[in-house]
Structures are given as C-alpha cells and as structure tokens.
Amino acid sequence: MITEIAPAAPPVVTEPARPGKRRRAWDEVPRWQIYLPLGVYLLFTLVPFYWILLFAVRPAGSTSLVPWPVTFDHFRKVWTERSFGTYFTNSVYVGIATLVLTTLVALAGGYALARFDFRLKRGFMLALLCSQFVPGALLLVPLFQIFANLRMINSLGSVVLAETVFQLPLSMILISGFIRNVPYSLEEAAWVDGCNRLTAFRIVVLPLLRPGLVAVGSFAFVHAWNHFLFALMFLSDQSKQTIPVGLNTLMSADSVDLGALAAGGIIAAVPVVIVFAFIQKWLITGFSAGAVKG
C-alpha cells in the first residue's frame, strides 16, 4: 500500500524582534491639555486686537460688541483732520533712512569685528554690549545740545541719527556673528582668483548675509517706526512729527477720542505687520544662522 506523503509545511520565518518604539511624554499627554492652553493664550492675544478694530469701525456713541454698521469715518478723520497722512510720510522716511544707515554702518563695523584682530577688541565688544543698558532718556540732554550746535533741531535728520546711534551696537554684534559663520576660505579662494577684499566681500560674503541683513534691518525699521521719545524731543513743528507723537496728540487731559485713537493705532500697526508678513522667512533664517555655527 502506497501512502501519499503530505508535503512538509514551510518553515516559519520569524522576523527578529524590533525594539519597541519608546513613547515620549508628549505622546502620552491628552490633546485637550495641549489645545486648551493654546486656545486660551490665542484668545487672550486676539481680544485686544478685536477691541481696537471694534472702536475703529464702530460708529461714534455705539456700544455694540459687533461692528455693525461699519464706518470708516474715524480713519478719514485722523488721516485728514489730524494730519496722519503727514505723520505717516515722516515715519516712513525716518524708518527707511534708519534702516539703510544702520545696515550699512553695521555691515562695515561687523566685518571689521569678524575678520580683523586688533588691540582692545574684547573691550570694544564689551562696550558695545554695555551700551545697550543705557536708556535713551539718559542721553537726551547731551544729544539735544549736539544737535542744537549742528543746527539740526526740528529736523528729521536728527531723529534718524539718534535712532541709528542707538541701533548700531547690537546690529554690529549681530552682523559680526553672521559673518563669522561664512567660511574664511571662501574669501581666500576669491583672492586667489584675482579679487581684492572689497570685491570678494561683495561677490562671496554679501549674498550669504541676506537673512542677517533682513533681521538687522527689520529691527532697525520697527524700532525707528515705534520710537516716541526722540521725535517728541527733537521735533517741534507739527508738519515734521511722526506717528507715535501723532497718536499722543489724540489724547488730551479732558477727553480721549477712542475711535480716532483706535483708527490711528491700526494705521500705525498695519505697515509693520505687512513688512513682517513678507520677510518672515528671511527673518527666521537669519535667527537660525545666528544660532548655528557655520
């Protein structure tokens, strides 16, 4: 009797046991414990913006929490009757001039700090850092005297120079850090190819400094745009005032026009928000470049 032999079952191949994925503490936290604090923080942040928008577009005398009907009378009032068009133009001039002047001088000084060794270099860097602890109000009297001798009182140039002087120390330190992240061998290779130091810097180093220049320039612009003290002290004519001083004129000892003040605040905030919306990628890249060794 011939019996059929059943084929042997194929051997079971077992995969080597993989080490179990270790769960992080973040994965064990319930989602509501993450989203709830973030939602509360977002609400706490956005409510003041909604409140100022409500006063800006709500009719005068209304107490509704919903801006309806919407009116732009407050914006027309501050732009025409309160001379905010002139204030806006002056602030744009001061901000752009401060940005350009601060960036150019900080670029030259930062390159010198990054590429050259000289006596008292560490002391100079320490002096730059310590200058950031000196409040601007402390130097108002000597600055006023200097500008008076130069016949620059009641001139936008005095505000630009004062803003640039106070922005330069930190800007030079930041730019020098960005330049140190650029390998020195790149400049040496350009020298071998026949470039002088200025040409090598313009062709090799400067394109790599765009994120850093955007970061430094944006801070210089925003500081000059929002600064109140220098414009108040060095400018006397209303036709030369900037937006921060113009906002102060909307408040008197007896009353405050909340609608006009809110409209002026939005006019002052919108340009800065638009600028940061366009440069946020460069700004984040600049922060990263300053924190990582090249």
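Refer to the preceding data block for the structure.
So, here's what we can say about the structure.

Quick notes on the rules
- Residues numbered from 1 in each chain as written.
- Predicted model: local features only at pLDDT ≥ 70, side-chain atom pairs only at ≥ 80, totals over all residues.
- Heavy atoms only, no water.
- Helix = DSSP H or I, 4+ residues; strand = E, 2+ residues; numbered from the N terminus.
- Contact = heavy atoms within 4.5 Å.
- Areas by Shrake-Rupley, 256 points an atom, 1.4 Å probe, with all protein chains shown as cover.
- Phe/Tyr/Trp six-rings, centres within 6.5 Å; stacked < 30°, edge-to-face > 60°.
- Buried < 20%, exposed > 50% of the residue type's maximum accessible area, 1.4 Å probe, protein only.
- Lys NZ or Arg CZ within 6 Å of the ring centre and 35° of its normal.
- 1 Å grid on protein atoms, 1.4 Å probe; cavity = no way out; pocket = protein on both sides within 12 Å on 5 of 7 lines; lining within 4 Å.
- Points joined across faces, edges and corners; volume = space filled by probe spheres on them.
- Nonpolar A, V, L, I, M, F, W, Y, C, P; charged D, E, K, R; others polar.
- Expected span 1.5 Å × (residues − 1).

Along its length, the protein chain carries 12 helices and 0 strands. Taken from the N to the C terminus, the helices and strands of the protein chain come in the order α-α-α-α-α-α-α-α-α-α-α-α. Residue pairs in contact within the protein chain that sit at least 24 positions apart in sequence constitute 73% of those at least 6 positions apart. Working note: accessible area of the protein chain is about 19,300 Å², and carbon and sulfur atoms make up 69% of it.

Turning next to the packing of aromatic side chains. Applying the stated criterion across every chain yields a total of 13 aromatic pairs. Look at Phe 88 and Trp 225: their rings are 5.5 Å apart centre to centre, the planes differ by 85°, and that puts the pair in the edge-to-face class. Of the two residues, Phe 88 is situated in helix α3 (residues 84-115) and Trp 225 in helix α9 (residues 210-226); the sequence distance between them amounts to 137 residues. Its relative accessible area of 23% is what places Phe 88 among the partly exposed residues. Here the aromatic cluster, defined as three or more aromatic residues joined through ring pairs, consists of Phe 144, Phe 147, Phe 166, Phe 230 and Phe 234. Note that Arg 58 overlies the ring of Phe 55, its terminal NZ or CZ placed 4.7 Å from the centroid.

Moving on, we get to the layout of surface pockets. By volume, the largest pocket amounts to about 240 Å³. Per element, the largest residue contribution to the lining of the largest pocket is 5 residues, and it comes from helix α6 (residues 156-180). Here the residues of the lining of the largest pocket sort into 7 nonpolar, 6 polar and no charged. When its volume is computed, the second largest pocket comes out at roughly 160 Å³. If you go around the second largest pocket, the residues you meet are Phe 49, Ile 52, Leu 53, Gly 265, Ile 266, Ala 269, Val 270 and Val 273.

Time to look at helix α1 (residues 32-57). With 26 residues, α1 should reach 38 Å at 1.5 Å per residue; the first-to-last C-alpha distance of 35 Å fits that figure. Taken together, the buried positions of α1 are occupied by Ile 34, Leu 54, Phe 55, Ala 56 and Val 57.

With respect to the helices and strands, the residue Ala 220 is situated in helix α9. Relative accessible area serves as the criterion here: at 0%, Ala 220 is assigned to the buried category. Considered as a pair, Ala 220 and Ala 97 are 123 residues apart in the sequence and their alpha carbons are 9.7 Å apart. Discounting residues that sit within four places of it in the chain, Ala 220 has contacts with Thr 98, Leu 99, Thr 102 and Gln 167.

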